[in-house]
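An overview of the molecular structure
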Amino acid sequence: MLDPGEECEDGNRVDDDGCSAQCQRTTTITTTNFGGRVCNGDPSEDIPRAAVRYPSGQVFVAGEVDGASSCGDLRGFARYTALGDPDLSFGNGTGRLRPSTGGATIVPTAGVLQQDGAVARMVIAGRRADGAFRVTRNDIDGNADTSFGVMGHATADFGAPRHAEPSSVVNLLDGSLLVVGTVEEESFDGTGDVALARFSKNGAGPQGTIVRDFDGGHDRAIGAVRQPDGKVVVVAESFAVTDEGHGPGGLVLTRSLADGLTLDPSFGTGGKTLIADGPCLGEPEAVAVAVQDDGKVVIAGLTLCLGFGHRAMLLRLMPDGDVDLDFGTNGFVVDPWFDDSIFAGASALVIQPDGRILVTGVVLTNDPAIHSDFVLARYLPDGKRDPTFGDVRPFDVPGASQVAGRVILLADFSSLASTTAYIVGPVFSPEKGYDFAVIRHRITETCGDGNVSDGEACDEGSGNGQASSCCTRYCTHVPDQQSCDDGFSETHGDRCVAGTCAGTVNPTTTSSTTTTTTTSTSSSTSTTTTVTTSSTTSSSIGGSTVSTTSISTTSLVGSTAPTSTSTTSTSVAGPPASVPVTLPPDPCPTFGVDKVRCRLSFLEIAASCAPKPVRRRAKKAARTLDVALSSRRGVGSGISKVRNQLRGTDAKAFQLFGKGRLSVECSVGISQAIGASLSALDELGVS
């Protein structure tokens, strides 16, 4: 029998007696389907777009769902307990709800938790059929707050006929709300602008709107964050639009003053900065942004590396907009996540209180055990993989053939003994279409016996009550460059460097890690999966062996208090040379224009799984090549056009993938074909 406050049964009636350290569920995976109709012969689409975690622990998710008698463009809410299970006290015992749209079609695309004293509510921004930003405020039960705006709604109209879609909602320092998104012509001719609208904390307004056009090209807002001083950084993609398609561009960051609208001239050049060169091929692609306590901005996304496909990417900027060259390699971290990754993309990140960076995203590998999964990774403040976290952790959603779209990451840092991460994203199966998926994963942070003794701020096992000797592996209580203890008896010169205690190890060092995972599942409309993980790490240091074991299970039988000691360290500054591009047998000629033609035909085949805008761009690249070859002016300008069109195809595919309209498998096939085509073009030696 579970006592109040307990998450599992340990036979003890004390609610904080260590049960959570010994038998708390490590991972819970839940999927939610809204039971919508099959639309136009396609499976239903229930796609989460925004999520928040309430102070009470519940996770509230808003998204786009199909209705019982309509296709798409409806709001759907789902609520989950702190353990990640469907909250059956919500939505008449179902855990899900389709709220009224208030007379206008509203599709949620962004949200934020608004805290007003003891009252917490979710502010949701979305697109409306008439091309305006629409903002609502809902309580934890999904009820609309009619005191917000006008009868519960606030609207910012950017002029018809325009398509307007918010991507972020930011709580400004004075309590006001800033909604950031993209507006573009209904013709979707490839031109878009970044749009901002400010409302009072209760929805009055808009108190001001701004549309920013960067050099007349296509601009799309990615995300926005508030720095500690109240200034707001907006991240957008921007590239030139030419007759040939995708022209030069990159990431554009702007910073506004505390009002959210006025550009800050001390940032970059006139309030904006351009990041045109990525760590691999072309410009970096951003998906999410977060800010550190020191004002540095961290961007998560992916980059196309020629010969390796897409790789997860992190980029960090100084508070003034300059690239932070002390982070990763020249400001970038590029990580395939797994040796046999075909595709890896970072979709969301959270900065932990100690400066470490928790990242989630999606991966596609050749390993049948992983294939298409959500993942969780953690990095140190300098961009290296966090050795105490271990390997990147994949999460396989039962019944789903693939994961897709933009992923949301929430985290609970309230416990010193553990961090709880919540991954929210869409999953796809041929039978049901797209569903909401919520993964709750507990990361054990204790480094001792699981008991926080008097005087300790965390646990190092000896119970001596000395905070200065507690968890010093993270230098929690030790200043930078001061001596510390990294936990290994045969290291020397241990010092705190950038928040991590590190010493010099004797030359003879070996390390091995073995992980065994057992999963049991049950399926229904709402599916819950409990995962038990056992991890053993052994390290031989100077002839002495350090061995630790971590076991987490829902039963106390044979359970052992977990520890989190690890000696595995991985830092990936670029794509590993051992990862090949997985392409079908190549019947193409070994060199020349015919090889380019052949590779472009592969691209058309690869794009056949994509929506029309991608297929059209792929075909146009092949036609442009033929026109160039027949031109009397030579092939030089034509080759340049083909390159731009290929990059435009990749950008459009990535954009649709981010919206959940393109599967990982389809996106990977397209990027591989584009990489092969660009490689064949480079072999021609024509610029």
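Since the structure is predicted, the reported quantities are computational estimates derived from the model, not experimental observations.

**Let's talk about the overall build of the protein**
- Within the protein, the regular secondary structure consists of five helices and 34 strands.
- Looking at the protein as a whole, 54% of its 687 residues are labelled buried.
- Within the protein, contacts between residues at least 6 apart in sequence are counted, and of these 54% link residues at least 24 apart.

**Section: the side chain of Ser200**
- Note that Ser200 resides in the loop between β12 (192-199) and β13 (208-212).
- Residue class for Ser200 comes out buried when judged on its relative accessible area of 15%.
- Sequence-distant contacts of Ser200, defined by excluding residues within four places in its chain, comprise Ser176, Leu177 and Gln207.

**Re helix α2 (residues 593-606)**
- Helix length check: α2, at 14 residues, gives a terminal C-alpha distance of 20 Å against a target of 20 Å (1.5 Å per residue), a fit within 8%.
- Every buried residue belonging to α2 is among Lys595, Val596, Cys598, Arg599, Leu600, Leu603 and Ala606, and all of these are buried.

**Focus on the packing of α2 against helix α5 (residues 664-684)**
- Running from N to C, α2 and α5 cross one another at 170 degrees; their axes reach a closest spacing of 9 Å. The pairing of α2 with α5 is recorded here as roughly antiparallel in orientation. The residues of α5 that touch α2, namely those facing Val593, Lys595, Val596, Arg599, Leu600, Phe602, Leu603 and Ala606, are Cys666, Gly669, Ile670, Ala673, Ile674, Ala676, Ser677, Ala680, Leu681, Glu683 and Leu684.
- A breakdown of the residues in the contact of α2 with α5 according to their chemical character gives 14 nonpolar, two polar and three charged.

**Details of a positive patch on the surface**
- On the surface, a cluster of positive charge is made up of Lys612, Arg615, Arg616, Lys619, Lys620 and Arg623.
- The class of Lys619 is partly exposed, set by a relative accessible area of 44%.

**Focus on the side chain of Glu64**
- For Glu64, the location among the structural elements is in strand β3 (residues 59-65).
- At 3.1 Å, the side chain of Glu64 forms a polar contact with the side chain of Arg49.

**Regarding the state of the cysteines**
- What the rule picks out here adds up to two disulfides.
- Bridging Cys280 to Cys305, the disulfide has an S-S length of 2.1 Å. Between Cys280 and Cys305 the disulfide shows an S-S torsion of about 65 degrees. By sign, it is right-handed. You can see Cys280 sitting in the loop between β17 (272-275) and β18 (285-291) and its partner Cys305 sitting in strand β19 (residues 297-305), a full 25 residues away along the chain.
- Judged by its relative accessible area of 27%, Cys280 falls in the partly exposed class.
- Across the disulfide, Cys609 is cross-linked to Cys666 (sulfur-sulfur distance 1.9 Å). Measuring handedness by torsion sign, the sulfur bridge of Cys609 and Cys666 sits at about 90 degrees and is right-handed. Residue Cys609 is found in the loop between α2 and α3 (612-630), and its partner Cys666 is found in helix α5; the two are separated by 57 residues along the sequence.
- The class of Cys609 is partly exposed, set by a relative accessible area of 45%.

**Considering the pairing of strand β6 (residues 106-116)**
- Sheet topology places β6 next to strand β7 (residues 119-128); 10 bridges connect them, and they run antiparallel. Looking at the pairing, Gln115 lines up with Ala120 of β7.
- Once β6 ends, the chain turns through two residues before running back antiparallel as β7, passing Gly117 with a positive phi of about 65 degrees.

**Points about the packing of aromatic side chains**
- Applying the stated criterion across every chain yields a total of six aromatic pairs.
- Each ring, one from Phe60 and one from Phe77, has its centre 5.1 Å from the other, and the planes form 55 degrees; the classification is tilted. With Phe60 in strand β3 and Phe77 in strand β4 (residues 74-80), this residue pair connects regions lying 17 residues apart in the sequence.
- What makes Phe60 buried here is its relative accessible area of 0%.
- A relative accessible area of 0% places Phe77 in the buried class.

**What to know about the nonpolar core**
- In this structure, Phe374, Leu376, Leu646 and Ile670 are the most contacted members of the largest nonpolar core, which totals 52 residues.
- Top element by residues in this core is α5. It accounts for nine residues.
- Counting residues in each nonpolar core, the second largest holds 22 residues, with Phe338, Ala344, Ile357 and Val359 among its members.

**Some points on the pairing of strand β20 (residues 309-317)**
- Burial analysis of β20 places nine of its nine residues in the buried class, which makes it a mostly covered element.
- For β19 and β20, the ladder comprises nine bridges, and the chain directions are antiparallel. Bridge pairing in β20 links Leu302 to Ala312.
- In the sheet, β20 pairs with strand β21 (residues 332-335) via four bridges, with the strands oriented antiparallel. Note on β21: the bridge partner recorded for Leu314 is Val333.

**Some points on unusual backbone geometry**
- The linkage connecting Gly205 with the following residue, Pro206, adopts the cis geometry, with an omega of 20 degrees.
- The backbone of Met151 shows a phi angle near 55 degrees, a positive value even though the residue is not glycine.
- Unusually for a residue other than glycine, Trp337 sits at a positive phi of about 75 degrees.
- Its location among the elements puts Trp337 in the loop between β21 and β22 (341-351).

**Re the sheet that holds β19**
- Read across the sheet, four strands follow the order β18-β19-β20-β21 without closing on themselves; strand pairing throughout is antiparallel. The open sheet has two edge strands with one neighbour each: β18 and β21. Taking each pair of neighbouring strands and ignoring which way they run, the sheet shows an average axis angle of 25 degrees.
- Pairing of β18 with β19 involves six bridges; the strand directions are antiparallel. When the sheet's bridge partners are listed, Val291 is paired in β19 with Val297.

**Some words on the pattern of salt bridges**
- Inspection of the entire model under this criterion finds 20 salt bridges.
- Among the salt bridges present, the one from Asp324 reaches Lys296, with a minimum N-O distance of 3.2 Å. You can see Asp324 sitting in the loop between β20 and β21 and its partner Lys296 sitting in the loop between β18 and β19, a full 28 residues away along the chain.
- Residues Arg385 and Asp335 are paired through a salt bridge, measuring 2.7 Å at the closest nitrogen-oxygen approach. You can see Arg385 sitting in the loop between β24 (372-379) and β25 (393-395) and its partner Asp335 sitting in strand β21, a full 50 residues away along the chain. Take Arg385 and Asp335: they sit in the same class, and that class is buried.

**Some words on α5**
- The first and last C-alpha atoms of α5 sit 31 Å apart over 21 residues, in line with the 30 Å expected at 1.5 Å per residue.
- Of all 21 residues in α5, 15 are buried, a share of seventy percent or more.

**Describing the confidence of the model for the protein**
- Of all residues in the protein, 67% have pLDDT values of 70 or greater, and the mean over the chain is 74.
- Scored below 50 in pLDDT, residues 459-477 makes 62 contacts in the model with residues more than four places away or belonging to other chains.
- This model gives residues 508-585 a pLDDT under 50, and the stretch forms 185 contacts once residues within four places in sequence are excluded.

About the criteria used
Residues numbered from 1 in each chain as written. Predicted model: local features only at pLDDT ≥ 70, side-chain atom pairs only at ≥ 80, totals over all residues. Heavy atoms only, no water. Helix = DSSP H or I, 4+ residues; strand = E, 2+ residues; numbered from the N terminus. Buried < 20%, exposed > 50% of the residue type's maximum accessible area, 1.4 Å probe, protein only. Contact = heavy atoms within 4.5 Å. Expected span 1.5 Å × (residues − 1). Axes fitted to C-alpha atoms, helices over the stretch in contact; angles between N-to-C directions. Parallel < 35°, antiparallel > 145°, perpendicular 65-115°, else oblique. Nonpolar A, V, L, I, M, F, W, Y, C, P; charged D, E, K, R; others polar. Patch = residues over 30% accessible without salt bridge, like charges linked within 9 Å, V, L, I, M, F, W, Y side chains within 5 Å. Areas by Shrake-Rupley, 256 points an atom, 1.4 Å probe, with all protein chains shown as cover. Salt bridge = Lys/Arg side-chain N within 4 Å of Asp/Glu carboxyl O. Lys, Arg positive; Asp, Glu negative; His and termini not counted. Charge placed at Lys NZ, Arg CZ, Asp CG, Glu CD. Polar contact = N/O pair within 3.5 Å; in protein donor to acceptor, adjacent residues only side chain to side chain. Disulfide = S-S within 2.5 Å. Pairing = 2+ DSSP bridges. Phe/Tyr/Trp six-rings, centres within 6.5 Å; stacked < 30°, edge-to-face > 60°. Core = buried A, V, L, I, M, F, W, Y, C linked by side-chain atoms within 4.5 Å. pLDDT = per-residue confidence, 0-100.

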